[in-house]
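As a plain string of letters, each chain reads:
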Amino acid sequence: MLHIDIITVVPELLASPLSHSILGRAKDRGLLEVDIVDLRTYGLGKHHQVDDYAFGGGAGMVMMPEPLMTCIEDLCSRRTYDEIIYMAPDGEQLDQRMANKLSLAGNLMLICGHYKGIDERIREHVVTKEISIGDYVLSGGELAAAVVVDAVGRLLPGVLNDETSALFDSFQDGLVAPPAYTRPAEFRGWKVPGILLSGNLGAIDQWRHDEAVKRTRQRRPNLLDNDQQD
Ligand code: ADE
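Residues numbered from 1 in each chain as written. Predicted model: local features only at pLDDT ≥ 70, side-chain atom pairs only at ≥ 80, totals over all residues. Heavy atoms only, no water.

Right, let's talk about the sheet that holds strand β5 (residues 83–93) for a bit. With respect to topology, five strands assemble into an open sheet ordered β2-β1-β6-β5-β7, the strand pairing being parallel. One side of each edge strand has no neighbouring strand; the edge strands of this open sheet are β2 (32–38) and β7 (129–132). Averaged over all pairs of adjacent strands, the angle between their axes in this sheet comes to 30 degrees, without regard to strand direction. Pairing of strand β1 (residues 2–8) with β2, which is carried by seven bridges, proceeds in the parallel orientation. Pairing of I7 across the sheet is with V37, part of β2. (Pairing = 2+ DSSP bridges. Helix = DSSP H or I, 4+ residues; strand = E, 2+ residues; numbered from the N terminus. Axes fitted to C-alpha atoms, helices over the stretch in contact; angles between N-to-C directions.)

Below is the structure:
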């Protein structure tokens, strides 16, 4: 069972993507538990303030250390986290290998930044890992956190059926996935490769592997250069 706490000032952004399809099933099967923690309940004063002006000036607010720290300490009093993760465009880029590793955890905390991000002291002293989902800037960490939960949640043993097994995903073996076809065998004159209709399972496996290698070379040659082993 993997438990994930997500700290956010916009809980509405997370409810829907985490309740459907495969993740919904993971939760129903008791394999994954995701709690969305509203940072505003830890906010200061009457207005539950969570952000303030940046020291030194400049546009944009910064999330204050105090509410965030109180929230983190509150969560840490209930569980021991394998990682306290801050979602940030300058973090380590998410890939399948990172998702695999995170799926072995018991408890994860994801912190979603907003505005100009969170006070640097929390990053320096409390956060244990920073994750980016790509080289572009989102308006907050929530959608990035949803991506992490999806990529990780589907890897938990028992979440996927045999037919959807993550073992055959793109990237799992350092290759992108081979092309897939379904009925009809001919559509508008476009034919399915004959080998897939041959019933020869050995030949089909070989074809899929060859196609995966070909595609990887064409589309993601970096995967073939990189040493994907740990
Ligand atoms: N927050 C804003 N942009 C982000 C990104 N690309 N990845 C993770 N968190 C983010």
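Our focus in this paragraph is the environment of S170. Checked against the element boundaries, S170 lands in the loop between α6 (142–153) and β8 (186–187). For S170 and S198, which are 28 residues apart along the polypeptide, the C-alpha to C-alpha distance reads 24 Å. Aside from chain neighbours lying at most four places away, what touches S170 is Q96, L175, V176 and A177. (Contact = heavy atoms within 4.5 Å.)

All right, on to the site of the ligand then. Near the ligand you find 13 residues, and of these A88, I133, G134, Y136 and L138 are the closest. I133 is positioned with one of its backbone polar atoms (N or O) 3.0 Å from a nitrogen atom of the ligand. The contact in question runs from a nitrogen atom of the ligand to an N or O atom on the backbone of L138, over 3.0 Å. In isolation the ligand has 260 Å² of accessible area, and contact with the protein removes 96% of it. (Near = heavy atom within 4 Å. Polar contact = N/O pair within 3.5 Å; in protein donor to acceptor, adjacent residues only side chain to side chain. Areas by Shrake-Rupley, 256 points an atom, 1.4 Å probe, with all protein chains shown as cover.)

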